[in-house]
Amino acid sequence: MQVILKQDVEKLGKRGDIVKVSDGYARNYLIPRGLAEEATPDKIKALEEIKRTEEKRAKKMELEAREKAKLLQGKQVVVHVSAGEKGKLFGSVTNAHVSEAISKQLGVEIDKKLIKLEEPIKELGVYPLKIKLHPSVEVGMTLKVEA
């Protein structure tokens, strides 16, 4: 627990912190939603319940990410595009194209924001693909771009 001045509680405390405030009364404050509130036993109990719920949700999300990773690891997904002379693409392959292809071909829904192409795709070929499903779960795949 950190000791800070009352006027600095909301600026310095993080969501979920309980801080001891130097305001002459030695009261404790908690910051459940980014706003300081006096720390009563009921409020502390409610905050602890919120933290437990968030931890459960985070564990569930990590387990779901690991399950998806098992389905995707090492797989190849094919994206069909229009190509011109010498395999040069008309336009580019986007994360949305890749996300849609994974969904259709492998039956796994992936948010396009999670897809990271290791290099810009400018022509037909096979490319490495990384998908970060969770802060602790990353999947390596290959992307085949063909006409």
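Keep in mind that this is a model prediction, so the values were computed, not measured.

**Q** Teacher, can you tell me more about the overall build of the protein here?
**A** A count of helical and extended segments in the protein gives three helices and eight strands. For the protein, the N- to C-terminal ordering of α and β elements is β-α-β-β-β-α-β-α-β-β-β. Across the 147 residues that make up the protein, the buried fraction comes to 31%. When contacts within the protein are restricted to residue pairs at least 6 apart in sequence, those whose partners lie at least 24 apart make up 41%. Accessible surface, the protein as shown: approximately 9,900 Å² in total, 52% of it carbon and sulfur.

**Q** Looking at this structure, how should I read helix 3 (residues 95-106)?
**A** Owing to its 3.6 residues per turn, the α-helix brings residues three or four apart onto one side. Its 12 residues place the ends of helix 3 16 Å apart at the C-alpha level, agreeing with the 16 Å of an ideal helix rising 1.5 Å per residue. Within the sequence span of helix 3, burial applies to Val98, Ser99, Ala101 and Ile102. What you see down the axis of helix 3 is that its buried residues fit within an arc of 165 degrees, all on one side. Of the surrounding secondary structure, the elements contacted by the buried residues of helix 3 are helix 2 (41-72), strand 5 (76-80), strand 6 (115-117), strand 7 (125-134) and strand 8 (137-146). After helix 3 finishes, the residue glycine 107 shows a positive phi value of roughly 70 degrees.

**Q** When you look at the nonpolar core in this model, what are you seeing that I'm missing?
**A** Nonpolar side chains in soluble globular proteins generally cluster together in the buried interior. Grouped together as the largest cluster of nonpolar side chains are 24 residues, with contacts concentrated most on Val93, Ile102, Leu129 and Leu143. Elements represented by at least two residues in this core include exactly helix 2, strand 5, helix 3, strand 7 and strand 8. Of all the elements, strand 8 adds the most residues to this core, at five residues.

Analysis parameters
- Residues numbered from 1 in each chain as written.
- Predicted model: local features only at pLDDT ≥ 70, side-chain atom pairs only at ≥ 80, totals over all residues.
- Heavy atoms only, no water.
- Helix = DSSP H or I, 4+ residues; strand = E, 2+ residues; numbered from the N terminus.
- Buried < 20%, exposed > 50% of the residue type's maximum accessible area, 1.4 Å probe, protein only.
- Contact = heavy atoms within 4.5 Å.
- Areas by Shrake-Rupley, 256 points an atom, 1.4 Å probe, with all protein chains shown as cover.
- Expected span 1.5 Å × (residues − 1).
- Arc of directions from axis to C-beta.
- Core = buried A, V, L, I, M, F, W, Y, C linked by side-chain atoms within 4.5 Å.

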